[in-house]
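Single-letter residue listing:
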Amino acid sequence: MSENLKDTHRAFRAAKEIIDGRDPVAHQSAILVTAEHAIASLLLLCMGNPRKAAAMLNEGLVPGIEERLSLYASKGTRS
């Protein structure tokens, strides 16, 4: 299995754990708060300090997420 496919599987497992049986539409705010906690925790673990974590969020993570969302939208998915 390629590393890209492994990453996709990891991401879906993480999303399932974050959603934790909640309705993604009805509990959208609570799920996004949990995701925010998870992302902040990962950034701090990986970067080692809050300043580096914030820099990675702004310079790496946000542009990467925007790119993934654009790619998803370009494939003609539902809105």
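Residues numbered from 1 in each chain as written. Predicted model: local features only at pLDDT ≥ 70, side-chain atom pairs only at ≥ 80, totals over all residues. Heavy atoms only, no water.

The end-to-end C-alpha distance of helix 3 (residues 50-74), which contains 25 residues, comes to 34 Å, matching closely the 36 Å that a straight helix rising 1.5 Å per residue would cover. Residue Leu-57 marks the point of greatest curvature in helix 3, where the axis turns by about 40°. N-capping of helix 3 is provided by Asn-49, with a side-chain oxygen placed 3.0 Å from the backbone N of Arg-51. (Helix = DSSP H or I, 4+ residues; strand = E, 2+ residues; numbered from the N terminus. Expected span 1.5 Å × (residues − 1). Bend = angle between axes of the 7 residues up to and from the residue. Polar contact = N/O pair within 3.5 Å; in protein donor to acceptor, adjacent residues only side chain to side chain.)

A separate point is the pattern of salt bridges. Tallying each qualifying case throughout the model produces two salt bridges. Where Glu-3 meets Arg-10, a salt bridge forms, and the shortest distance between an N and an O atom there is 3.3 Å. Residue Arg-10 is classed as partly exposed on the basis of its relative accessible area of 38%. We note a salt bridge from Arg-10 to Asp-7, for which the minimum N-O separation is 2.6 Å. Here Arg-10 pairs with Asp-7, and both are found in helix 1 (residues 3-19), just three residues apart, close to one helical turn. When salt bridges with common partners are traced through the structure, they connect Glu-3, Asp-7 and Arg-10 into a single cluster. (Salt bridge = Lys/Arg side-chain N within 4 Å of Asp/Glu carboxyl O. Buried < 20%, exposed > 50% of the residue type's maximum accessible area, 1.4 Å probe, protein only.)

Right, let's talk about the packing of helix 2 (residues 28-47) against helix 3 for a bit. Closest axis-to-axis distance for the helix 2/helix 3 pair is 8 Å, and the angle between their directions is 115°. The angle between helix 2 and helix 3 places the two elements in the roughly perpendicular class. Classified by chirality, the crossing of helix 3 by helix 2 is right-handed. Where helix 2 approaches helix 3, its residues Ile-39, Leu-43, Leu-44 and Met-47 are matched on the opposing element by Pro-50, Lys-52, Ala-53, Met-56, Leu-57 and Leu-61. (Axes fitted to C-alpha atoms, helices over the stretch in contact; angles between N-to-C directions. Parallel < 35°, antiparallel > 145°, perpendicular 65-115°, else oblique. Left-handed = near helix turned anticlockwise from the far one by under 90°. Contact = heavy atoms within 4.5 Å.)

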